[in-house]
Amino acid sequence: MPNSPRSAPYRGRLAPSPTGLLHLGHASTFWTAQEHARAAGGTLILRNDDLDLARCRPEFAAAMLEDLRWFGLTWDEGPDIGGPHVPYEQSRRLALYATAFERLRAAGAIYPCTCSRKDVQLAATAPHEHADEPLYPGTCRPENIGTTERERRATLPRDAANWRFRVPDGAPVEFRDGHFGPQRAIAGREFGDFLVWRRDGLPSYQFACVVDDDAMGITEVVRGADLIMSTFRQLLLYHTLGLTPPAFYHCALVTDEHRVRLAKRHDALALRALREQGKSPLAIRAEWR
Ligand code: GLU
Ligand code: ZN
């Protein structure tokens, strides 16, 4: 049984991003999520993580729903059927993120960053072996800027800069994963100050995910192991916002025959391609056992 620190009825979610066709890796993770929800007699939510406006496309969102249904996944709340937490598309929930952003700002937990992506890459320290992105060198941290800049920032509008969450350097962040057991990372070493809001007016994945998982009452997050490093960041956000985090269960990643992690570019393993080849969902699931 999935471990849940909350006594509330089980609520799980499927949170795909419509940036391409869903593949076997998604199907495998989502199937586990569905099994957990069913075993607990709980509720499963479908959330459309469509915040990456440059990469998300409406035709992928439509294909996503169709492929999920074809595979045998069903949900109790979602963009297509509604529910108590409408809307279920992240692109339509910006007001919620903006409110939570102001709470982070009021807590002094974030600061605006004027570095370009290139600046960060050039100045970043050699990433730790577990790091999933270059460590931000801290150039724009409040203690590293002058008085004039500090005054300018006091009234800076949300959408006028990229905003980073200041991580507590050297502090361990820990959680018990329902699948992989105890997990631990050191803030400032394995991950650095991460983006919560972008100049383009949108929250980062880390931030939107926490706001929504909390708002939608999610009790257990089931997702791919590629997001374990994100969980440490998200735990810091939960803590700063004074929220109780859900339980986490990360699934092993599905790889292709060369042990390369499946990505949306593995078109041959897209659910749609398998379906066109005449594969049945039952046959696909039988191969996992
Ligand atoms: N939407 C994210 C993705 O497709 C996953 C979100 C999550 O499960 O936390 O990678
Ligand atoms: Zn910066």
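Overview of the structure. (Residues numbered from 1 in each chain as written. Chains lettered and ligands numbered in written order. Predicted model: local features only at pLDDT ≥ 70, side-chain atom pairs only at ≥ 80, totals over all residues. Heavy atoms only, no water.)

### A closer look at the pattern of salt bridges
Alright, step 1. Per the counting criterion, the structure on display carries 26 salt bridges.
Alright, step 2. Note that arginine 272 and glutamate 66 form a salt bridge whose closest N and O atoms lie 3.2 Å from each other. Taken together, the residues span a long stretch of sequence, with arginine 272 in helix H8 (residues 271–276) and glutamate 66 in helix H2 (residues 58–71) at a distance of 206 residues.
Alright, step 3. Look at the salt bridges and you will find they share partners, linking Arg13, Arg47, Asp49 and Asp213 into a network. (Salt bridge = Lys/Arg side-chain N within 4 Å of Asp/Glu carboxyl O. Helix = DSSP H or I, 4+ residues; strand = E, 2+ residues; numbered from the N terminus.)

### Here's the deal with the environment of glycine 82
Alright, step 1. Tracing the backbone shows glycine 82 in the loop between H2 and helix H3 (94–106).
Alright, step 2. Look at glycine 82 and you get buried, because its relative accessible area is 16%.
Alright, step 3. Measuring from C-alpha to C-alpha, the distance between glycine 82 and cysteine 251 comes to 27 Å, with 169 residues separating the pair along the chain.
Alright, step 4. Not counting residues up to four positions away in its chain, the partners in contact with glycine 82 are Asp76, Glu77 and Tyr88. (Buried < 20%, exposed > 50% of the residue type's maximum accessible area, 1.4 Å probe, protein only. Contact = heavy atoms within 4.5 Å.)

### With respect to the state of the cysteines
Alright, step 1. Counting across every chain of the model gives zero disulfides.
Alright, step 2. We note that cysteine 56 lacks a disulfide partner, and the nearest cysteine sulfur, in cysteine 209, lies 14 Å from it.
Alright, step 3. Its relative accessible area of 12% is what places cysteine 56 among the buried residues. (Disulfide = S-S within 2.5 Å.)

### Observations regarding the pairing of strand E2 (residues 43–46)
Alright, step 1. Judged from the four bridges that link them, strand E1 (residues 11–14) and E2 form a sheet pairing that is parallel. From the neighbouring strand, arginine 13 faces E2, where its bridge partner is isoleucine 45.
Alright, step 2. A crossover connection joins E1 to the parallel E2 through helix H1 (residues 24–39); in handedness this β-α-β unit is right-handed. (Pairing = 2+ DSSP bridges. Right-handed = clockwise from strand over helix to strand, strands pointing away.)

### Things to note about the coordination of the zinc ion (ligand 2)
Each donor-metal-donor angle in an ideal tetrahedron of four donors is 109.5 degrees, and each such angle in an ideal octahedron of six donors is either 90 or 180 degrees.
Alright, step 1. Every protein donor of the zinc ion (ligand 2) is listed here as Cys113 (SG), Cys115 (SG), Tyr136 (OH) and Cys140 (SG), and their distances to the metal cover 2.0 to 2.3 Å.
Alright, step 2. One can describe the site at the zinc ion (ligand 2) as tetrahedral: its four donor atoms subtend angles covering 101 to 124 degrees at the metal.
Alright, step 3. All donors of the zinc ion (ligand 2) come from a single chain, and their spacing in sequence reads C-x1-C-x20-Y-x3-C. Highlighted residues: cysteine 115 in the loop between strand E3 (110–113) and helix H4 (117–123) and tyrosine 136 in the loop between H4 and helix H5 (147–154), separated in sequence by 21 residues. (Donors = N, O, S within 2.8 Å, 3.2 Å for Na, K, Ca; no water. Tetrahedral: all angles 85-135°; square planar, octahedral: opposite > 155°, others 65-115°.)

### Considerations on the nonpolar core
Alright, step 1. Residues Phe165, Phe191, Val196 and Phe207 are the most contacted members of the largest nonpolar core, which totals 40 residues.
Alright, step 2. Of all the secondary structure elements, the ones that give two or more residues to this core are H3, strand E4 (162–165), strand E5 (172–177), strand E7 (194–197), helix H6 (205–215) and helix H7 (228–241).
Alright, step 3. For this core, the leading source of residues is H7, giving eight residues.
Alright, step 4. The next biggest cluster of nonpolar side chains, apart from the first, holds 24 residues, and it includes Leu14, Met64, Leu262 and Leu274. (Core = buried A, V, L, I, M, F, W, Y, C linked by side-chain atoms within 4.5 Å.)

### Brief notes about the site of ligand 1
Alright, step 1. Neighbouring ligand 1 are the residues Arg13, Ala15, Ser17, Asp49, Tyr205, Cys209, Arg223 and Leu227.
Alright, step 2. Between a nitrogen atom of ligand 1 and a side-chain N or O atom of serine 17, the distance comes to 3.0 Å.
Alright, step 3. Taking arginine 223, its side chain carries an N or O atom lying 2.8 Å from an oxygen atom of ligand 1.
Alright, step 4. Taken by itself ligand 1 offers 300 Å² of open surface, and the protein chains cover 79% of this.
Alright, step 5. When the residues that make up the shell around ligand 1 are grouped by side-chain class, the tally is four nonpolar, one polar and three charged. (Near = heavy atom within 4 Å. Polar contact = N/O pair within 3.5 Å; in protein donor to acceptor, adjacent residues only side chain to side chain. Areas by Shrake-Rupley, 256 points an atom, 1.4 Å probe, with all protein chains shown as cover. Nonpolar A, V, L, I, M, F, W, Y, C, P; charged D, E, K, R; others polar.)

### Overview of the sheet that holds E7
Whether parallel or antiparallel, the strands of a sheet pair through hydrogen bonds between backbone atoms.
Alright, step 1. The sheet built from three strands is open, its strands ordered E3-E4-E7 with antiparallel pairing. A single partner strand is all that each edge strand has here, and the edge strands are E3 and E7. Each strand of the sheet is rotated relative to its neighbour by a mean of 45 degrees, with strand direction disregarded.
Alright, step 2. Pairing geometry for E4 and E7, over three bridges, is antiparallel. Its bridge partner being in E7, tryptophan 163 is matched across the sheet by tryptophan 197. (Axes fitted to C-alpha atoms, helices over the stretch in contact; angles between N-to-C directions.)

### Some words on the pairing of E5
Within a regular beta strand, the side chains point alternately toward one face of the sheet and then the other, so they alternate between its two faces.
Alright, step 1. Residues Val173, Phe175 and Asp177 line the buried face of E5, whereas the alternating positions Pro172, Glu174 and Arg176 sit on a face that is not buried.
Alright, step 2. Relative to strand E6 (residues 181–186), E5 is paired through six bridges, and the arrangement is antiparallel. Counted as the bridge partner of proline 172 is isoleucine 186 from E6.
Alright, step 3. In this structure, the hairpin formed by E5 and E6 is closed by a connection of three residues.

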